Amino acid sequence: MPGTMSSAWSARGELAQGLSGLLLVLFVWAHMFFESSILLGKEAMYWVTGLFEGKHIFGQPYPWLVSFIAVIILLLVVMHAALAMNKFPAGFRQQRALYRHTGRMRHTDTSLWVVQAVSGFLLFFLIPVHLYTMIVEPANIGPYASADRVWSGRYWVLYALLLLTVHVHAAAGIYRLLMKWAPPRRGALINRARARRIALGAACFFILLGAASLIAYMKIGADHADRAGERYHPATAQAPLALKE
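What counts as what
- Residues numbered from 1 in each chain as written.
- Predicted model: local features only at pLDDT ≥ 70, side-chain atom pairs only at ≥ 80, totals over all residues.
- Heavy atoms only, no water.
- Helix = DSSP H or I, 4+ residues; strand = E, 2+ residues; numbered from the N terminus.
- Buried < 20%, exposed > 50% of the residue type's maximum accessible area, 1.4 Å probe, protein only.
- Contact = heavy atoms within 4.5 Å.
- Areas by Shrake-Rupley, 256 points an atom, 1.4 Å probe, with all protein chains shown as cover.
- Phe/Tyr/Trp six-rings, centres within 6.5 Å; stacked < 30°, edge-to-face > 60°.
- Expected span 1.5 Å × (residues − 1).
- pLDDT = per-residue confidence, 0-100.
- Core = buried A, V, L, I, M, F, W, Y, C linked by side-chain atoms within 4.5 Å.

### A closer look at the overall build of the chain
Argument step 1. On a plain count of helices and strands, the chain comes out with 10 helices and 0 strands.
Argument step 2. Across the chain, helices and strands are ordered from the amino to the carboxyl terminus as α-α-α-α-α-α-α-α-α-α.
Argument step 3. Counting every position in the chain, which comprises 245 residues, the buried fraction comes to 35%.
Argument step 4. Put simply, 76% of the contacts in the chain that link residues at least 6 apart link residues at least 24 apart.
Argument step 5. Accessible surface, the chain as shown: approximately 15,300 Å² in total, 70% of it carbon and sulfur.

### Things to note about the packing of aromatic side chains
Argument step 1. Summed over the entire model, instances satisfying the criterion amount to 11 aromatic pairs.
Argument step 2. When the ring of Trp-29 is compared with that of Phe-206, the centres are 5.2 Å apart and the planes differ by 5°; the resulting orientation is stacked. Of this pair, Trp-29 sits in helix α1 (residues 2-35) while Phe-206 sits in helix α9 (residues 188-223); the two residues are 177 residues apart in sequence, bridging distant segments of the chain.
Argument step 3. On the basis of relative accessibility, which here comes to 6%, the residue Phe-206 falls in the buried class.
Argument step 4. Taken together, a centroid distance of 6.2 Å and an interplanar angle of 90° make the contact between Phe-124 and Phe-125 edge-to-face.
Argument step 5. Ring-pair connections join several aromatic residues into one group, and the members of that group are Trp-29, Phe-33, Phe-205 and Phe-206.

### What about helix α4 (residues 64-85)?
Argument step 1. With 22 residues, α4 extends 31 Å between its outermost C-alpha atoms, agreeing within 8% with the 32 Å of an ideal straight helix rising 1.5 Å per residue.
Argument step 2. Of all the positions in α4, only Leu-65, Val-66, Ser-67, Ala-70, Ile-73, Leu-76, Val-77, His-80, Ala-81 and Ala-84 are classed as buried.

### Brief notes about the confidence of the model for the chain
Argument step 1. Summing up the model confidence of the chain, the mean pLDDT is 84 and the portion of residues at 70 or higher is 78%.
Argument step 2. By mean pLDDT, the top-scoring element of the chain is helix α7 (residues 143-151) (95), and the lowest-scoring one is helix α10 (residues 235-244) (46).
Argument step 3. Every residue in residues 238-245 scores below 50 in pLDDT, and together they form 1 contact with partners more than four places removed in sequence or on other chains.

### Some details on unusual backbone geometry
Argument step 1. Within the chain, Arg-154 stands out as a residue other than glycine whose phi angle is a positive 60°.
Argument step 2. Mapped onto the secondary structure, Arg-154 falls in the loop between α7 and α8 (156-181).

### Let's talk about the nonpolar core
Argument step 1. Counting residues in hydrophobic clusters, the biggest one holds 32 residues, and the most contacted among them are Met-32, Ile-38, Ile-127, Val-150 and Tyr-217.
Argument step 2. Within the residue set of this core, elements represented by two or more residues are α1, α4, α6 (108-136), α7, α8 and α9.
Argument step 3. Top contributing element to this core by residue count: α9, with 7 residues.
Argument step 4. Apart from residues lying up to four places away in sequence, Ile-127 is in contact with Val-77 and Leu-162.
Argument step 5. In terms of nonpolar packing, the next biggest core, distinct from the first, is built from 5 residues, Tyr-175, Ala-195, Ala-199 and Ala-203 among them.

Right under this line is the structure:
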């Protein structure tokens, strides 16, 4: 009975880790599309900001909604990390054994697990910094506010590291989820090759999209550096003022 209960809890933990990881990956991918709205112009990004703040639904912005979302994501990250840490080597001997095994066997899946573990460890420090900013300064989002934070606030260093690490981690996680839960077709070898292509393709796409978006924010921030702190006002909102003048 104790062994059966332990196996049941282990299976539930495995399922919870997989589901929490999948939710985080889907959020990150959606977040990348929203962030990349800056590539369509400042007004597009301003509209997306209003969406997150509830302006399009309630008629006025409520920045605390951004904080609420950030808190939920942070709790999900903590839960996912706690579940994943149960699989980490507990001591120096286990870590050394894993290192030797990885070096000798050169097994792709084992190497991917190591990549996922290392990237996950880094994300445990990188993600809270980003989310903390969203929690305490939810109103500082927008074409100029975000660009000022990226350039004048030197956040581009954090975001560049976060961009690479999170998508490498997500790609490894998606691959492992596909191998665990996707129905087998045409043999395991083809499944593995297909899963790797999907994971690698997703990582490359979102890293390139994120890099293009980050460069756009850096350019806007550099051009706006002498007016850092000034908020963006869309042309549609400025038009009535011009008529009055």
